[in-house]
Amino acid sequence: MAIKIKDIPPEGLALELAQKLDLFDAGTTSTAFTAVLSIKPISGNSFHISGRVQSEPLLECSRCLKRFSYPIDTELSADVAPLSAMGTGNEHELAGEELDMEFYRGDELEPLDLVKEQLLISLPMVPVHSPECKGLCPTCGADRNTAPCRCSDARKESGPFSVLKDILKK
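Residues numbered from 1 in each chain as written. Predicted model: local features only at pLDDT ≥ 70, side-chain atom pairs only at ≥ 80, totals over all residues. Heavy atoms only, no water.

Before going further, it helps to spend a moment on helix α1 (residues 111-122). End to end, α1 covers 17 Å across 12 residues, agreeing with the expected 16 Å (1.5 Å per residue, within 8%). Turning to α1, its buried residues number three or more, namely P111, L112, L114, V115, Q118 and L119. One face of α1 carries all of its buried residues, which in axial projection span an arc of 160°. Facing away from the buried side of α1 by more than 90 degrees, the exposed set consists of D113 and I121. (Helix = DSSP H or I, 4+ residues; strand = E, 2+ residues; numbered from the N terminus. Expected span 1.5 Å × (residues − 1). Buried < 20%, exposed > 50% of the residue type's maximum accessible area, 1.4 Å probe, protein only. Arc of directions from axis to C-beta.)

As C-alpha cells, this is what we get:
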C-alpha cells in the first residue's frame, strides 16, 4: 500500500489501516493489525509519520512451545526522508540527526514497512505465555505445566555435581 509523495497535501494525510501482514517473513499474511497514522510534510520531501498501531500476533512460548496471542498497543513516531538526501556515493557516514530517521526510495512511501518494524520492536526478546511457565523437560520433553516429570528428580540425584551434595551436607 504505497503512497505517492505527490499525493500528500501540504496539510498532511490521515490514514486508517486494517489489514494483515507477514510479520515473521513466514510466507503467509497472518498477523492482523489496525493503525491510525498521520503523515505530515516537514521540509522538502521529508515527512513525519505518527500514530497508533495495534495487533495481537501469535507467538510461541520459549519455554514450553505453546502458541499464545500477545497484545500490542504502541505509538509510532518516525521522520522519513528520501534516500537521495544522503548523497550519491556508495558509502555515507550518518550524521547525528540521521540516526533516528527512516529512508525511502523513489517517489513512494510504504507505511506498512514502518508498521511492521514497530510491531517487531514491540515484541519481547524471549516470549513466555506466563511467568509461571515451567517449560519442557530437557530429558523426556514432557510439558511440566500439565504434569510433573520424574526425569528432573533422577537427573538431580545422578548429575555430574551430585557428589557436591554430600560434601555440602557435612
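Let us keep going from here.
Quick look at the pairing of strand β7 (residues 72-82) now. Sheet topology note: the strand β4 (residues 46-55)/β7 ladder contains 9 bridges and is antiparallel. The partner of F47 across the bridge, within β7, is V80. Pairing of β7 with strand β8 (residues 101-104), which is carried by 4 bridges, proceeds in the parallel orientation. Looking at the pairing, D79 lines up with M101 of β8. (Pairing = 2+ DSSP bridges.)

One can find Y70 in the loop between β6 (67-69) and β7. With relative accessibility at 27%, the residue Y70 sits in the partly exposed group. As for Y70 and S162, which are separated by 92 residues in sequence, their C-alpha atoms are 40 Å apart. Setting aside its immediate chain neighbours within four residues, Y70 contacts S55, E56, P57, L59, S122, L123 and P124. (Contact = heavy atoms within 4.5 Å.)

This next bit is on the nonpolar core. If you look at the biggest cluster of nonpolar residues, it comprises 30 residues, and the most contacted ones within it are F33, I39, L109 and V115. Broken down by secondary-structure element, the contributors of at least two residues to this core are β2 (13-21), β3 (31-43), β4, β7 and α1. Not counting the four nearest positions on each side in its chain, I39 is found in contact with I3, I8, G12, L13, L15, F47, H48, I49 and L109. (Core = buried A, V, L, I, M, F, W, Y, C linked by side-chain atoms within 4.5 Å.)

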